[in-house]
Amino acid sequence: MASLMSLNRTGSSIISTNFKARIPTPSSSLPLKPISSSSSSSQNPPLKPLCAYALPNQQPTNKPRVFRRQTNRTHPPKQQNGQNLTGTQLNTQNASCPQTENLTVVPSGVDLMRLCEEGKIREAVDYMCQGVSADYGVFCALLSSCGRSKSLEVGRRVHDLLARSKFGGDVELNNRLIEMYGRCGNMRDARRVFDRMRDRNMSSWHLMINGYGMNGQGRDGLSLFEQMRNVGLLPVGETFVAALSACGSAEEGLIYFELMKKEYGIIPGIEHYVGVIDVLGKFGHINEAEEFVDQMPIEPKAEVWEALRNFARIHGAFELEDRAEEMLAVLDPSQAIADKIQTPPLKHFAGNMLEGKNRVSDYRSTNPYKGEAYEKLKGLNGQMREAGYVPDTRFVLHDIDQEAKEQALLYHSERLAIAYGLISTPARTPLRIIKNLRICGDCHNAIKIMSKIVGRELIVRDNKRFHHFKDGKCSCGDYW
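Residues numbered from 1 in each chain as written. Predicted model: local features only at pLDDT ≥ 70, side-chain atom pairs only at ≥ 80, totals over all residues. Heavy atoms only, no water.

Looking only at helices and strands, the protein chain has 21 helices and 11 strands in total. Expressed as a percentage of contacts within the protein chain between residues at least 6 apart in sequence, the contacts between residues at least 24 apart total 61%. Surface accessibility of the protein chain: about 28,900 Å² in total, with carbon and sulfur atoms responsible for 51%. (Helix = DSSP H or I, 4+ residues; strand = E, 2+ residues; numbered from the N terminus. Contact = heavy atoms within 4.5 Å. Areas by Shrake-Rupley, 256 points an atom, 1.4 Å probe, with all protein chains shown as cover.)

Another point: the packing of helix α10 (residues 218-230) against helix α11 (residues 237-245). The interhelical angle for the contact between α10 and α11, taken along N-to-C directions, is 150 degrees, at an axis separation of 9 Å. Classified by the angle between their axes, α10 and α11 sit roughly antiparallel to one another. The handedness of the crossing between α10 and α11 comes out as left-handed. Side by side, α10 and α11 meet where Leu-222, Phe-225 and Met-228 of the first sit next to Thr-239, Phe-240 and Ala-243 of the second. Its residues assigned to classes, the contact of α10 with α11 shows 5 nonpolar, 1 polar and no charged. (Axes fitted to C-alpha atoms, helices over the stretch in contact; angles between N-to-C directions. Parallel < 35°, antiparallel > 145°, perpendicular 65-115°, else oblique. Left-handed = near helix turned anticlockwise from the far one by under 90°. Nonpolar A, V, L, I, M, F, W, Y, C, P; charged D, E, K, R; others polar.)

As for its position among the elements, Asp-442 is in helix α21 (residues 441-454). Within the structure, Asp-442 has its side chain in polar contact with the side chain of Tyr-389 (distance 2.8 Å). The contact partners of Asp-442, leaving out residues within four places of it in the chain, are Tyr-389, Val-390, Pro-391, Asp-392, Phe-395, Leu-409 and Arg-415. (Polar contact = N/O pair within 3.5 Å; in protein donor to acceptor, adjacent residues only side chain to side chain.)

For the rest of this paragraph, the subject is the packing of aromatic side chains. Applying the stated rule across the entire model yields 10 aromatic pairs. When the ring of Phe-240 is compared with that of Tyr-264, the centres are 5.8 Å apart and the planes differ by 55 degrees; the resulting orientation is tilted. With Phe-240 in helix α11 and Tyr-264 in the loop between α12 (250-262) and α13 (270-282), this pair connects stretches of sequence that are 24 residues apart. On the accessibility criterion, Phe-240 (1% relative accessible area) is buried. Classification of Tyr-264 by relative accessible area gives partly exposed; the value is 22%. Each residue in the set Phe-225, Phe-240, Tyr-256 and Tyr-264 is aromatic and connected to the rest through ring pairs, giving one cluster. (Phe/Tyr/Trp six-rings, centres within 6.5 Å; stacked < 30°, edge-to-face > 60°. Buried < 20%, exposed > 50% of the residue type's maximum accessible area, 1.4 Å probe, protein only.)

What follows concerns the environment of Val-125. The topology assignment puts Val-125 in helix α4 (residues 121-129). The exposure class of Val-125 is buried, given its relative accessible area of 0%. Here Val-125 is in contact with Leu-142, Val-154, Arg-157, Val-158 and Leu-161, once residues within four sequence places are set aside.

Moving on, we come to the side chain of Asn-215. Tracing the chain through its elements places Asn-215 in the loop between α9 (202-214) and α10. When neighbours within four sequence positions are excluded, Asn-215 is seen to be in contact with Gly-182, Gly-185, Met-187, Arg-465, Phe-466, His-468 and Ser-475.

Here we take up α4. The complete set of buried residues in α4 reads Ile-121, Ala-124, Val-125, Met-128 and Cys-129. Buried residues in α4, looked at end-on, bunch into an arc of 140 degrees, giving them a common side. Downstream of α4 by a residue or two, Gly-131 has a phi angle that is positive, lying close to 115 degrees. (Arc of directions from axis to C-beta.)

Further remarks concern the pairing of strand β8 (residues 431-435). The element β8 is extensively covered by neighbouring structure, given that 4 of its 5 residues are classed as buried. Bridge count for β8 against strand β9 (residues 458-461) is 4 bridges, and the pairing is parallel. Of the residues in β9, the one forming a bridge with Ile-433 is Val-460. In this fold, the crossover linking β8 to β9 by way of α21 has right-handed handedness. (Pairing = 2+ DSSP bridges. Right-handed = clockwise from strand over helix to strand, strands pointing away.)

Moving on to the pattern of salt bridges. All chains considered together, the criterion is met by 22 salt bridges. Measuring nitrogen to oxygen at the nearest pair gives 3.2 Å for the salt bridge that ties Glu-226 to Arg-229. Here the residue Glu-226 and the residue Arg-229 both occupy positions in helix α10, the gap between them amounting to 3 residues, near one helical turn. The exposure class of Glu-226 is partly exposed, given its relative accessible area of 27%. Arg-415 serves as the salt-bridge partner of Asp-442, at 2.2 Å between the closest nitrogen and oxygen. Taken together, the positions of Asp-442 in helix α21 and Arg-415 in helix α20 (residues 413-424) put the pair 27 residues apart, joining distant regions of the chain. (Salt bridge = Lys/Arg side-chain N within 4 Å of Asp/Glu carboxyl O.)

All right, on to the nonpolar core then. Membership of the largest hydrophobic core comes to 77 residues, with the highest contact counts inside it found for Phe-139 and Leu-142. Residues within four places of Leu-142 in sequence aside, it is in contact with Cys-116, Ile-121, Ala-124, Val-125, Met-128 and Val-158. Tyr-411, Leu-416, Cys-443 and Phe-469 belong to the second largest nonpolar core, which has 27 residues in total. (Core = buried A, V, L, I, M, F, W, Y, C linked by side-chain atoms within 4.5 Å.)

Bringing unusual backbone geometry into the picture now. Positive phi, close to 60 degrees, is recorded for Lys-150, a residue that is not glycine. By the secondary structure assignment, Lys-150 is in the loop between α5 (136-149) and α6 (152-163).

Packing of helix α18 (residues 372-386) against α20 leaves a shortest axis separation of 8 Å and a crossing angle of 105 degrees. With respect to their mutual orientation, α18 and α20 come out roughly perpendicular. Across the interface between the two elements, Glu-372, Ala-373, Tyr-374, Lys-376, Leu-377, Leu-380 and Met-384 from α18 touch Arg-415, Leu-416, Ala-419, Tyr-420, Leu-422 and Ile-423 from α20. Looking at the contact of α18 with α20 residue by residue, the class counts come to 10 nonpolar, no polar and 3 charged.

Moving on to the environment of Glu-299. Mapped onto the elements of the fold, Glu-299 is located in the loop between α14 (286-294) and α15 (302-314). It is 9.4 Å that separates the C-alpha atoms of Glu-299 and Ile-270, two residues lying 29 residues apart in sequence.

Per the counting criterion, the structure on display carries 0 disulfides. Cys-146 provides the cysteine sulfur closest to Cys-116, a residue in no disulfide bond, and the two sulfurs are 8.8 Å apart. (Disulfide = S-S within 2.5 Å.)

A few words now on the environment of Leu-280. You can see Leu-280 is positioned in helix α13. Residue classification places Leu-280 among the buried positions, given a relative accessible area of 4%. Separated by 28 residues in sequence, Leu-280 and Leu-308 place their C-alpha atoms 9.8 Å apart. When sequence neighbours within four positions are dropped, the list of residues in contact with Leu-280 reads Ala-250, His-285, Glu-288, Ala-289 and Phe-292.

In structure tokens:
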């Protein structure tokens, strides 16, 4: 009698096979007669091979015992519409539709377009993840809604669903993706979409350049403009509007304005003149902006005087502001009437939308002396002072003493939202703050220092523009 054991390693399992082999005792003679099938079937049991595992198309009588190792994969692949999903498909589905693991029935009678019109974009995306089919119009509505509401998380889910649909290669939908990412302040994903597009049109280039300009990354925008020229595409009037928005200096803006006229023969429109005024005013060249308006070959319209008035107001040029007000009242009386009507100020809560760790939270300032976020902010304030931060109390309009003013600045809502994000999200991940008011100058300086201390990218969207704070610098170049 002999006992044999073979151990076979198969994936994450170990198979153990036990069998006993009966070895006949030696004898002087062995029977060599053939055994007929009739006699063997009636008298003797059928002969079996020693090891059936080695023969083709044979199955063992006794199933081998299987000892499985403990792994994280304890469930079989999910099913969707009766079909098994492979590992790659399952991972892709879970990435964009994390809430559909236990759903197998496709809901019926769902009007996705109606949900989009009602602003229920998350609900519409959830239904799409459950298998509800979306047409071209639904994708257009979803991407537009995500761009308007700055919902980057939902926009990424729509992007994943679009990539797996039959409309994944559509140029216009990819342009809407670029626009959505630009409005959400994520030019990295916008550029990724742009680079992967097989076909592009002029709108694709314009949206990218505009997005770079809006997010304070004008150098990348102008680099893309030059790349467009190098591949043989002829810029049009809209192209130069985008290029002017990306210019990083007044001289650069005037160079592109002259390039448009002399090299490409494009006659400037009001939008181009307004673009030049924006560039001049953005960098403080108020007198040059006024001279530029006086030398315009066409009659300045209301948009021109409105832009000039706004920059004169920002830089304290009161005489120019009064002149622009008078011209604006002649060209557009509604503007003057609107300025004279005393309307009660809108009540705003001190709040921010904080996006991090794949969720969006509404963070409101209640009691500024309780909670972990406030303790974190106090600790950051000490580090900021060591790094050279000095509170600018000019932005506190209340008649209180100096110490109270510094205390008031410390607990501005955007700082509290950042402190909350730092303690509730993984280290080194970017934070996105959506603020419903314009960021004050002191908070702007403070967040620049914060970004260098914590080693994170802090993206703040106020009611004017995006601010990308990283390594102690802001994408707006300290102008907004």
